[in-house]
Amino acid sequence: MIKIQRASAPEVLADSPSEGMHYNKKEVVERLWEMQHGKCCYCEQRIPDEGHLKAVEHFRPKSVFRNLKNEWKNLLLSCAQCNGKKSDKFPVILSDTSGESETLYPETASRETPAVIDPSDPEINPEDHISFDFSGGDTSYEEYGIIMARHGSLMGQITIETVGLDRMFYAKKRYDYYVYIIMQDFRNLLIALSQGNERDLESCKRTFRQLMSAKGEFAAFTRAFVRHKKLDRPPVGIRIPVGSEI
Ligand SMILES: [Zn+2]
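Please read all numbers here as calculations on a predicted model, not as lab measurements.

Things to note about unusual backbone geometry
Phase 1: In this structure, the amide linkage connecting P234 to the following residue, P235, adopts the cis form with an omega of 5°.
Phase 2: Mapped onto the elements, P235 comes out in the segment after helix 6 (219-228).
Phase 3: Despite not being glycine, H151 has its phi angle at roughly 50°, a positive value.
Phase 4: Overall, H151 belongs to the exposed group, its relative accessible area being 74%.
Phase 5: Located in the positive-phi region is F218, a residue other than glycine, with phi close to 55°.
Phase 6: Here F218 lies in the loop between helix 5 (198-212) and helix 6.

Okay, here's the thing in structure tokens:
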């Protein structure tokens, strides 16, 4: 999950109409799809441009916050898996700062702090709250690259649970991405480094840079891998893109 730079509202939602299903109109879906580089706002898997796998996600569920169903800032695009799991859940952090969260459904929940991370919130960088653990053996998706709350973040933990980002379905997808995409480039990079081949090294760095761009599938996962392997430091020194940077 990475930060999403919110695009301007499409014309059809300019006045946040209270009636109708304007949020599902083609121009809205297309604007969201472009804004998120064709990826799910939560799990970052690619969402096909065609077909019915795109789901307009209401960050504050429309079943509860009916007045926000056509509110542009409340809309994101998610994959069918994330959309189905999050459903109408909207946990909030209670203001008594007990450290506990509670799932609230009433309209009054808008006054509380959402416990799920809104990736388009300019104040929040999802990568501060959610990361991946690469310390396990790299031969199994059950041990390697496990999603986790970063520095014990409560928001990170609740987001993972609410959207179900720790489901095996995603762990397998990310692990396949590691094996078939990331590891190939990592191997080439190590060879170039050991041979002192500057040209190949630069080429591998460029590839990593593209994978970590906001356009890259599982960009947060790749960024965490690069941090774990310390490739952002000498002698490699790849610069990790920040937030929604492409
Ligand atoms: Zn998803």
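A look at the pairing of strand 1 (residues 54-58)
Phase 1: Most of strand 1 sits inside the fold, with four of its five residues counted as buried.
Phase 2: Examined bridge by bridge, strand 1 and strand 2 (residues 75-79) share five bridges and lie antiparallel to one another. Across the sheet, residue H58 finds its bridge partner in strand 2, namely L75.

A word on the side chain of R223
Phase 1: Following the sequence through the fold, R223 ends up in helix 6.
Phase 2: Within polar-contact distance, the side chain of R223 engages the backbone oxygen of M212 at 2.8 Å.
Phase 3: With residues up to four places along the chain from it excluded, the contact list for R223 reads I2, E127, M212, S213, A214, I240, P241, V242, G243 and E245.

As for the nonpolar core
Phase 1: Core analysis: the biggest nonpolar cluster contains 68 residues, and Y42, C82, L165, Y178 and F208 have the highest contact counts within it.
Phase 2: Per-element tally for this core: the top contributor is helix 4 (residues 168-195), with 10 residues.

Observations concerning the packing of helix 4 against helix 6
A pair of packed helices is characterised by two quantities: the angle between their axes and the separation of those axes.
Phase 1: One way to put it is that helix 4 packs onto helix 6 with a least axis distance of 11 Å and a crossing angle of 50°. Here helix 4 is positioned oblique relative to helix 6, judged by the angle of their axes. By crossing handedness, the relation of helix 4 to helix 6 is classed as right-handed. In this structure, helix 4 contributes R174, Y177, Y178, I182 and F186 to the contact, and helix 6 contributes F221, T222 and F225.
Phase 2: Classifying every residue of the contact of helix 4 with helix 6 by side-chain character gives six nonpolar, one polar and one charged.

Section: the packing of helix 4 against helix 5
Phase 1: Two elements in contact, helix 4 and helix 5, have axes whose closest approach is 8 Å; the angle formed by their N-to-C orientations is 155°. By the criterion of interaxial angle, the relationship of helix 4 to helix 5 is roughly antiparallel. In this structure, helix 4 crosses over helix 5, and the sense of that crossing is left-handed. Residues Y177, I181, I182, D185, F186, N188, L189, A192 and L193 of helix 4 lie in contact with helix 5, whose contacting residues are D200, L201, C204, T207, F208 and L211.
Phase 2: Classifying every residue of the contact of helix 4 with helix 5 gives 11 nonpolar, two polar and two charged.

Considering the coordination of the zinc ion
Phase 1: Donor atoms from the polypeptide that coordinate the zinc ion comprise C40 (SG), C43 (SG), C79 (SG) and C82 (SG), at 2.3 Å from the metal.
Phase 2: Summarised as a motif, the one-chain spacing of the donors to the zinc ion is C-x2-C-x35-C-x2-C. For the residue pair C40 and C43, the accessibility class agrees, reading buried in each case.

Observations regarding the packing of aromatic side chains
Phase 1: Under the counting rule described, the total for this entry stands at 13 aromatic pairs.
Phase 2: A centroid spacing of 5.2 Å and a plane angle of 70° characterise the contact between F134 and Y144, whose relative ring orientation is edge-to-face. Separated by 10 residues along the polypeptide, F134 in the loop between strand 6 (130-133) and strand 7 (146-149) and Y144 in the loop between strand 6 and strand 7 bring together distant segments of the chain. Here the two residues F134 and Y144 agree in accessibility, since each one is buried.
Phase 3: Above the face of the W72 ring, R6 is positioned so that its terminal group lies 5.1 Å from the ring centre.
Phase 4: For R60, the ring lying beneath its charged end belongs to F65, and the centroid distance is 5.9 Å.

Parameters at a glance
In this convention, every chain numbers its residues from 1, walking through the sequence in written order. With the structure being a predicted model, the display of local features is reserved for residues of pLDDT at least 70 and the display and counting of side-chain atom pairs for 80 or more, all residues being used for whole-chain, interface and lining totals. The side-chain figures draw on all heavy atoms in the structure; neither hydrogens nor water molecules are used. Strands are runs of DSSP state E lasting at least two residues, helices are runs of H or I lasting at least four, and both sets are numbered from the N terminus onward. Relative accessibility under 20% of the residue-type maximum defines a buried residue, over 50% an exposed one, and the middle range a partly exposed one, all with a 1.4 Å probe and only protein chains included. Two strands pair if DSSP finds at least two bridges between them. Here a polar contact is recorded for every N or O atom pair within 3.5 Å, except that within protein the pair must consist of a potential hydrogen donor and a potential acceptor, and residues adjacent in sequence are included only if both atoms are side-chain atoms. For this analysis, residues touch if any pair of their heavy atoms sits within 4.5 Å. Side-chain atoms within 4.5 Å link the members of a nonpolar core, which is a set of buried Ala, Val, Leu, Ile, Met, Phe, Trp, Tyr and Cys residues. To get an axis, a line is fitted to the C-alpha atoms, and for a helix only the part in contact is used. The angle between two axes follows their N-to-C directions and goes from 0 to 180 degrees. Oblique is the label for any angle not under 35 degrees, not over 145, and not in the 65 to 115 range, which are roughly parallel, roughly antiparallel and roughly perpendicular in turn. Here a crossing is called left-handed whenever its near helix is offset anticlockwise from the far helix by less than a right angle, and right-handed whenever the offset is clockwise. Put simply, Ala, Val, Leu, Ile, Met, Phe, Trp, Tyr, Cys and Pro go in the nonpolar bin, Asp, Glu, Lys and Arg in the charged bin, and everything else, Gly too, in the polar bin. With water omitted from the atoms examined, metal sites may look incomplete; donors here are N, O and S atoms no farther than 2.8 Å from the metal, or 3.2 Å in the case of Na, K and Ca. Two rings from Phe, Tyr or Trp (for Trp, the six-membered ring) form a pair when their centres sit within 6.5 Å of each other. Planes less than 30 degrees apart are called stacked, planes more than 60 degrees apart edge-to-face, and all others tilted. Whether a charge sits over a ring comes down to the Lys NZ or Arg CZ being within 6 Å of the ring centre and within 35 degrees of the ring normal.

Just distances and angles here, no functional claims.
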